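# Observations on the three-dimensional arrangement
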Amino acid sequence: MAEVDIAPNFGAELKDGFKPVNAWVGNGIAWLDDIQQFYRERSVIEKDYGQKLSTLAKKYFEKKAKKSSSLSVGDTPTVTPGSLESASMTTWTVQLTTLEQRAAEHERFSTQLINSLAQPLQNLAERYEGLRKQHAEYAAKLEKERDGAYGDLRKTKGKYDSVCQDVESRRKKIESSYDHGKIKAQGQYQQQQSDMRNMKNTYLIAINVTNKQKERYYHEYVPELLDSLQSVSEAKTATLNQMWSIAASLETDTLQRSLQLLGHLAGEIPRNKPVLDSMMFVRHNATQWQDPLDFAFEPSPVWLDDDVMASDPSSKTFLMNILSKSKSSVGELRRECDGKRKEVEGAKRVRQAIREGRDKRDELEIVRSQLHQQELLHEAERKLITAEVEMSTITAAVGDVTVGARNHAMRNETFRLPTNCDLCGDRIWGLSAKGLICNDCGYTCHLKCELKVPADCPGELTKDQKKAVKSERQTAAAQATAASPTNGGSNGADKRSSISGGGSQRGSTSGGLQRSDTMGSMNTLSSGYAASGHRSVSGTITTMRDIGDTPKISTSTPRQQRITAPPPTSPFRSNGEEDDGEDNPQPSGKMLYAYQATASGELSIAENQSFTLLEPDDGSGWIKIKPSRIGSAVGLVPASYAELSSPRSPTTPNETDHRPISYAGSTSTVSLAGSDSAGSSVKKKVGPAVAPPRRGAKKVPAVVKQVEALYTYAAQGAGEASMEAGERMVLVGGDQGDGWVEVQARAGRGVVPASWVREV
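It should be emphasised that the depicted structure is a prediction, and the values quoted were computed from it without experimental measurement.

What counts and what doesn't
Residues numbered from 1 in each chain as written. Predicted model: local features only at pLDDT ≥ 70, side-chain atom pairs only at ≥ 80, totals over all residues. Heavy atoms only, no water. Helix = DSSP H or I, 4+ residues; strand = E, 2+ residues; numbered from the N terminus. Buried < 20%, exposed > 50% of the residue type's maximum accessible area, 1.4 Å probe, protein only. Contact = heavy atoms within 4.5 Å. Pairing = 2+ DSSP bridges. Polar contact = N/O pair within 3.5 Å; in protein donor to acceptor, adjacent residues only side chain to side chain. Salt bridge = Lys/Arg side-chain N within 4 Å of Asp/Glu carboxyl O. Axes fitted to C-alpha atoms, helices over the stretch in contact; angles between N-to-C directions. Parallel < 35°, antiparallel > 145°, perpendicular 65-115°, else oblique. Nonpolar A, V, L, I, M, F, W, Y, C, P; charged D, E, K, R; others polar. Disulfide = S-S within 2.5 Å. pLDDT = per-residue confidence, 0-100. Expected span 1.5 Å × (residues − 1). Bend = angle between axes of the 7 residues up to and from the residue. Phe/Tyr/Trp six-rings, centres within 6.5 Å; stacked < 30°, edge-to-face > 60°.

## Describing the overall build of the protein
Scanning the protein from terminus to terminus reveals 13 helices and 18 strands. Across the 760 residues of the protein, 46% fall into the buried class. Sequence separation of 24 or more characterises 73% of the internal contacts of the protein that already satisfy a separation of 6 or more.

Take a look at the structure:
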């Protein structure tokens, strides 16, 4: 056989040719089974010695003829080999020819064939096949990752098209909207445009990442895998040569008369160098191959755009956060890649030493270890490539926007109490609400808002400083929400002034009652009570006069709309001082109707008589009271005959002034001026038309509803009721759209936040 004049490299010459290479290597490994079966059968036939031996040689000549082409050049060669055979096939032919010339064999040699050749070859075939399957699984994984990257890019493109379509829809909505809704539509249009630019940037980044991953797949990952398969095939051939040498040695010792023939065979075997089979396979399977085309930016069919990254302030903030994350991870990823690469190179050097005979370790185990390290290196390099491409893409487009940035030290947080996002102002709370919070300054935001947060962390703050900064951020978020339509036209300022002036309108009655839409106010917890707000309990009106005055109960005062919002997020008073934990005074009330006792334990009492509540209604329809008269007895009266009022908590004269008024909850106002006066007055309460309820009577389940307190709430004004977490209360009046419900609690009857209770 000719000497090797080239050193072929599958990865460099075959490119994306894993399938034919894998099939070729698989055929070579399967061929080991033929060889070990050959020795087994030969062991049996040795007893026949002569004719049987010739028959065996003929049989395997026929098998070789059938498999010669596939074993030499593969199943689908690009060049027909003709009568050429690989070096291994030529060596095999020499063996069969030698076998034909041998006419004598003995029993001992038959046993040696089984123990020294057949069984080891079977074990080797199983091990090589397992290693080949590992390569096939790794190749499938690489292909799946490549297809996944292509799929992700298509999804990103779809999302970008969808966002562009939404922008176009918003634009059309502005054209078709009336003046009173145009500002809101313009604000939504501006926000949608910002989302579109962010999506565009994400799409451009995804294109670059996918192109880079594609390049690495075809120029590094697959070539390395092909080189590894080539090494496995050559290692198999080298091991096979060793087995054949053993067979030759056995025959030399056993068959002295065949010494000359076996010497010739032994001289032929070393010439079967592993690289010869690889060289022939490469020459007959090389094809013309070109890199797939790179991906390029495709504008949306409904939004004409170019491939220039958006660089407006909000987009720069978005890109800055991406760049910061990439910068923070690239150093560690490079160190990880360097470490894994050294381990792979070390495994390659060990394999070379094994081939040269300087190392006695199992080469298959070394190959297995090398393949494992290559997989780990591949994972780290993918992440590194993504980070580097993101950095280069963003830096090339807008420069290094992280210079001078003061990033927040964010950590994941589950908010169990209502909390607001400092960026968008929306609520993030609940057992399943995930968000982020800065360890230093207490900045809170949604997970979706993380990449939009400006890098303006003031550093580590004290508890009081965090409260002050939190208030400023909430105010800024509310103002940003209210000011979002400013780019739409000149009349936007008029609408904003109408919204921001809602507080003063509420306090004025000239020209009709004005109120703000409070449905949206449930999304922010920075809001409190309007100073002029009025609370209604059981049809009566409690009017707060001057700050510090005792609430005056009146049944004739016209009812005014209650302007309210959910309470603070933590048990702190509005002036920033912690709750002192003192007990509230006992609830009191007065009789709406006179009642005459009819049984033991009941109490006779006159109409309008004031009393102190000792035991609230437990569902039986009765309450236990003590009249305010000196020397009065204690007894039971029907709950429907009495009116309860919650006591005021001790407050400073200006406590109410510190309660913030929410403007972020709504971007529209509703004027009731000139409307019917039906909602401005309340009819006098009519007494029950049936006999008073008896003790022990149960309310009808279909009529009475109960609610359970989710959190502890302390009444902060007249008309409210205090409740403890887990306390069950009777639902008197449902949510009328202002975010409050009326309940009968242990502390008395009053209103509590609707979001702080649940029906049971």
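## Here's the deal with unusual backbone geometry
In this structure, Asn608 takes a positive phi of about 65° despite not being glycine. Along the chain, the position of Asn608 falls in the loop between strand S8 (588–591) and strand S9 (610–615).

## Overview of the pairing of strand S16 (residues 740–745)
Where burial is concerned, most of S16 is hidden: six out of the six residues are buried. Side chains Trp740, Glu742 and Gln744 of S16 all project onto a buried face; the interleaved residues Val741, Val743 and Ala745 project onto the opposite face, where all are buried too. The sheet contact formed by strand S15 (residues 728–733) and S16 spans three bridges and is antiparallel. Bridge pairing links Val730 to Gln744 in S16. Where S15 folds back onto S16 in an antiparallel hairpin, the turn is made up of six residues, including Gly737, whose phi is positive at roughly 105°. Relative to strand S17 (residues 748–753), S16 is paired through six bridges, and the arrangement is antiparallel. From the neighbouring strand, Ala745 faces S17, where its bridge partner is Gly748. Between S16 and S17, which pair antiparallel one after the other, the connecting turn spans two residues.

## As for the environment of Asp456
With respect to the helices, strands and loops of the structure, Asp456 is situated in the loop between strand S3 (444–446) and helix H11 (463–482). A relative accessible area of 37% means that Asp456 is categorised as partly exposed. Measuring from C-alpha to C-alpha, the distance between Asp456 and Arg406 comes to 5.2 Å, with 50 residues separating the pair along the chain. In this structure, Asp456 is in contact with Arg406 and His408, ignoring residues within four places of it in sequence. Looking at Asp456, its side chain comes within polar contact range of the side chain of His408, at 3.3 Å.

## A word on the pattern of salt bridges
In total, this model carries 35 salt bridges according to the counting rule given. Note that Arg146 and Asp147 form a salt bridge whose closest N and O atoms lie 3.1 Å from each other. What makes Asp147 partly exposed here is its relative accessible area of 35%. Here the salt bridges share partners, and the residues they tie into one network are Arg216, Glu220, Asp338, Arg341 and Glu381.

## Quick notes on the packing of helix H2 (residues 18–45) against helix H3 (residues 51–73)
Interaxial distance between H2 and H3 falls to 11 Å at its minimum, and their mutual angle equals 180°. As summarised for this structure, H2 and H3 are arranged roughly antiparallel, according to the angle between their axes. Between H2 and H3, the residues in contact are Trp24, Asn27, Gly28, Trp31, Asp34, Gln37, Phe38, Glu41, Arg42 and Ile45 and Lys52, Leu53, Leu56, Lys59, Tyr60, Lys67, Ser70, Leu71 and Ser72, respectively. Class assignment of the residues belonging to the contact of H2 with H3 gives a composition of eight nonpolar, five polar and six charged.

## Observations regarding the environment of Gly82
Checked against the element boundaries, Gly82 lands in the loop between H3 and helix H4 (87–101). For the pair Gly82 and Ser69, spaced 13 residues apart in the sequence, the C-alpha separation amounts to 8.6 Å.

## Overview of the sheet that holds strand S10 (residues 622–627)
Pairing within the open sheet is antiparallel, and its five strands lie in the order S11-S10-S9-S8-S12. Looking at which strands have only one partner, the edges of the open sheet turn out to be strand S11 (635–638) and strand S12 (642–645). Along the sheet, successive strands turn relative to each other by an average axial angle of 45°, direction set aside.

## Some words on the state of the cysteines
Throughout the structure, instances matching the rule amount to zero disulfides. No disulfide involves Cys421; its sulfur sits 3.6 Å from the nearest other cysteine sulfur, which is in Cys424. Free cysteine Cys457: the closest other cysteine sulfur is in Cys441, separated by 3.8 Å.

## Section: the side chain of Ser300
On the secondary structure map, Ser300 appears in the loop between helix H8 (274–283) and helix H9 (313–355). Judged by relative accessible area, which is 5%, Ser300 ranks as buried. If we ignore the near neighbours within four places in the chain, the residues touching Ser300 are Tyr160, Asp161 and Cys164.

## Observations concerning the confidence of the model for the protein
Averaged over the protein, the pLDDT score is 75; the fraction of residues at 70 or greater is 76%. Across residues 648–702 the pLDDT falls below 50, and counting only partners more than four positions away or on other chains, this stretch makes 112 contacts in the model.

## Focus on H3
Taking 1.5 Å of rise per residue, 23 residues should cover 33 Å, and H3 covers 34 Å from first to last C-alpha, within 8% of that figure. Its maximal kink placed at Lys67, H3 deviates by approximately 50°. Where H3 is concerned, the buried positions are Leu53, Leu56, Ala57, Tyr60, Lys64, Ser68, Ser70, Leu71, Ser72 and Val73. Those residues of H3 that are buried lie in contact with H2, H4 and H8. Remark: Gly74 follows H3 within two positions and exhibits a positive phi of approximately 95°.

## Quick word on the packing of aromatic side chains
Across all of its chains, the model carries 20 aromatic pairs by this definition. By way of ring pairs, the aromatic residues Trp31, Phe38, Tyr39, Tyr60, Trp92 and Trp244 are connected into one cluster.

## Re the pairing of S15
A regular strand places its side chains so that they alternate between the two faces of the sheet. In terms of strand pairing, strand S14 (residues 705–709) meets S15 through four bridges, oriented antiparallel. Paired with Lys705 across the strands is Leu731, a residue of S15.

## Considering the sheet that holds S3
Taken in spatial order, the three strands of this open sheet run S1-S2-S3, and their pairing is antiparallel. The open sheet has two edge strands with one neighbour each: strand S1 (410–414) and S3. Each strand of the sheet is rotated relative to its neighbour by a mean of 35°, with strand direction disregarded. Sheet analysis places strand S2 (residues 434–438) next to S3, joined by three bridges and oriented antiparallel.

## Comments concerning H9
Between its first and last C-alpha, H9 extends 61 Å over 43 residues, near the 63 Å set by a 1.5 Å rise per residue. The largest bend in H9 comes to about 30°, at Val330. Looking one or two residues past H9, Gly357 carries a phi angle of roughly 85°, positive in sign.

## Side note on the packing of helix H5 (residues 107–176) against helix H10 (residues 363–398)
The interhelical angle for the contact between H5 and H10, taken along N-to-C directions, is 10°, at an axis separation of 10 Å. Of the possible angle classes, the one that applies to H5 and H10 is roughly parallel. Within the contact between the two elements, H5 uses Arg127, Tyr128, Leu131, Gln134, His135, Tyr138, Lys141, Leu142 and Glu145 and H10 uses Leu364, Glu365, Val367, Arg368, Leu371, Gln374, Glu375, His378, Glu379 and Arg382. Here the contact of H5 with H10 is composed, by residue class, of seven nonpolar, four polar and eight charged.

## Description of the environment of Leu417
Position of Leu417 among the secondary structure elements: in the loop between S1 and S2. Sequence spacing of Leu417 and Ile428 is eleven residues, and the spatial spacing of their C-alpha atoms is 8.7 Å.

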